[in-house]
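Secondary and tertiary structure notes
As a plain string of letters, each chain reads:
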Amino acid sequence: MNERDWKRIFSRVGLACAGFLILAVLAQYLIAWIFLVLGLDFMDMDTQLLISSAAMYLLAFPAAAGIFKTVSYPKPVRVHEKWTWGVWGIVFLICVGTMMAGNLIGRGFMLLLGSKTSSNAVEEVVVNSSLPVAFLTIVATGPVVEELLMRKLVIDRILIFGEKTAVIVSGFFFGLLHGNFYQFFYAFALGMIFGYVYVRTGKVRNTIILHILVNFMGSVLLMGLLEWGSLPGIAGIMGILVLLGYELCYLAASVGGIVLLIAYWKKIRFYQTPYEWSAPAMTAKKRLGIIFGNFGVIFFLLISLVEFAFNL
């Protein structure tokens, strides 16, 4: 394969991601319009979260998957590993630590940009929604669709260009798909971790399970504890105590995850693909030119910038 072939693959991948973003927004407006015509209320948090999720996962994702399916790509021999429970525990703690650090960076970045609040609109919708709806959208469906999209569909098509490149690009695109700076930094970091897990283990179900656990710990479980703490009397006091214990454990896990990431950084392994063997003169500049110097990825970046600007 030559440089033009690679640009074609990355362009199709970029177009598929851009299509997902555009269709998700259009589908949300379409569903909201249907609610309006039928005289149904769509302003409460549960309905907004359901509309947003339906637009992304039921309408935009199948369309984007269809674009991905049109991409022909070489499939290199992959080196997979079978991890012990101890390794999985370390990976999970690293995810928790990365989530916390990225969240703080995102909030700080928005404050530097002049934002008057340290929370984002998406977070407010989630916190103010009901537990069943939050569980359905954030835990049960979101991680499945997002991992199939960003790991299975994206990484498989660009993997032969290099494992490290595939992991970084997948994580970067995953961050962009979140559409705001509050979530970009932790989504970028988590996306790279999930990408590495997928590349090393070869099973997208592993990243789905990991994603589900991270989302559950950071949202639905916390929501449940907050509801428990709001109960009157002894039950509420017990809930507050459990919530405080959870927050302390989460903080400890976050710090431990960052320490583990630093300690195990040198053990991260990327194996070369046949394309990398045959292109030893591939410089970083040329690699970036192939990845970003094509219509599809440029279009995806422009659409993402518009969404980020809209959500400032």
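Residues numbered from 1 in each chain as written. Predicted model: local features only at pLDDT ≥ 70, side-chain atom pairs only at ≥ 80, totals over all residues. Heavy atoms only, no water.

This model, assessed by the stated rule, comprises six salt bridges. Between E81 and R200 there is a salt bridge whose closest N-O contact spans 3.9 Å. Note that E81 is positioned in the loop between α2 (45-69) and α3 (85-112) and R200 in helix α7 (residues 181-201), a separation of 119 residues in sequence. A residue is classified by how much of its surface remains accessible, and R200, at 0% relative accessible area, is buried. Between R200 and E163 there is a salt bridge whose closest N-O contact spans 2.8 Å. With R200 in helix α7 and E163 in helix α6 (residues 163-177), the pair connects residues that are 37 residues apart, well separated along the chain. No difference in accessibility class separates R200 from E163, as the two residues are buried. (Salt bridge = Lys/Arg side-chain N within 4 Å of Asp/Glu carboxyl O. Helix = DSSP H or I, 4+ residues; strand = E, 2+ residues; numbered from the N terminus. Buried < 20%, exposed > 50% of the residue type's maximum accessible area, 1.4 Å probe, protein only.)

In contact at an axis separation of 7 Å, helix α1 (residues 3-37) and α2 are set at 145° when each is read in the N-to-C sense. As for how α1 packs across α2, the hand of that crossing is right-handed. (Axes fitted to C-alpha atoms, helices over the stretch in contact; angles between N-to-C directions. Left-handed = near helix turned anticlockwise from the far one by under 90°.)

Before going further, it helps to examine the packing of aromatic side chains. The geometry of two aromatic rings is summed up by the distance between their centres and the angle between their planes. Using the criterion set out here, one finds 19 aromatic pairs in the structure. Arranged with centres 6.4 Å apart and planes meeting at 45°, the rings of W6 and F10 form a pair that is tilted. Separated by four residues within a single helix, W6 and F10 lie in helix α1, roughly one turn from each other. When the centroid spacing of 5.3 Å and the interplanar angle of 75° are considered together, the rings of F184 and F185 count as edge-to-face. The exposure class of F184 is buried, given its relative accessible area of 11%. Residue class for F185 comes out partly exposed when judged on its relative accessible area of 23%. Three or more aromatic residues link up through ring pairs in this structure, and these residues are F109, F172, F173, F181, F184, F185, F188, F292, F300 and F308. (Phe/Tyr/Trp six-rings, centres within 6.5 Å; stacked < 30°, edge-to-face > 60°.)

Moving on: α2. Its 25 residues give α2 an end-to-end C-alpha distance of 35 Å, which sits within 8% of 36 Å, the value for a rise of 1.5 Å per residue. Of all the bends found along α2, the most pronounced is centred on A60 and spans about 40°, while P62, a proline, follows it within four residues. What α2 keeps buried is the set T47, L49, I51, S52, S53, A55, Y57, A60, F61, A64, A65 and F68. Among the residues of α2, the N-terminal cap falls to D44, whose side-chain oxygen and the backbone nitrogen of D46 are separated by 3.3 Å. (Expected span 1.5 Å × (residues − 1). Bend = angle between axes of the 7 residues up to and from the residue. Polar contact = N/O pair within 3.5 Å; in protein donor to acceptor, adjacent residues only side chain to side chain.)

Now for the nonpolar core. L149 and F173 are the most contacted members of the largest nonpolar core, which has 68 residues in total. Leaving out residues up to four positions away in the same chain, L149 has contacts with F20, F61, A64, F68, V154 and L177. Counting five residues, the second largest nonpolar core, distinct from the first, contains A134, V139, V220 and M223. (Core = buried A, V, L, I, M, F, W, Y, C linked by side-chain atoms within 4.5 Å. Contact = heavy atoms within 4.5 Å.)

Take a nonpolar patch on the surface next. Together, L30, W33, I34, L36, V37, L38 and L40 line one region of the surface with nonpolar side chains, adding up to about 720 Å² of accessible area. Secondary-structure assignment places L40 in the loop between α1 and α2. (Patch = residues over 30% accessible without salt bridge, like charges linked within 9 Å, V, L, I, M, F, W, Y side chains within 5 Å. Areas by Shrake-Rupley, 256 points an atom, 1.4 Å probe, with all protein chains shown as cover.)

So, about the side chain of E147. Relative to the helices and strands, E147 resides in helix α5 (residues 131-158). Taking relative accessible area as the criterion, E147 reaches 0% and is therefore assigned buried. In this structure, E147 is in contact with K152, F194, V204, T207, I208 and H211, ignoring residues within four places of it in sequence.

Attention shifts here to the state of the cysteines. All told, the structure shown has zero disulfides when counted by the stated rule. C95 takes part in no disulfide bond, and the closest cysteine sulfur to it belongs to C249, at a distance of 18 Å. On the basis of relative accessibility, which here comes to 0%, the residue C95 falls in the buried class. (Disulfide = S-S within 2.5 Å.)

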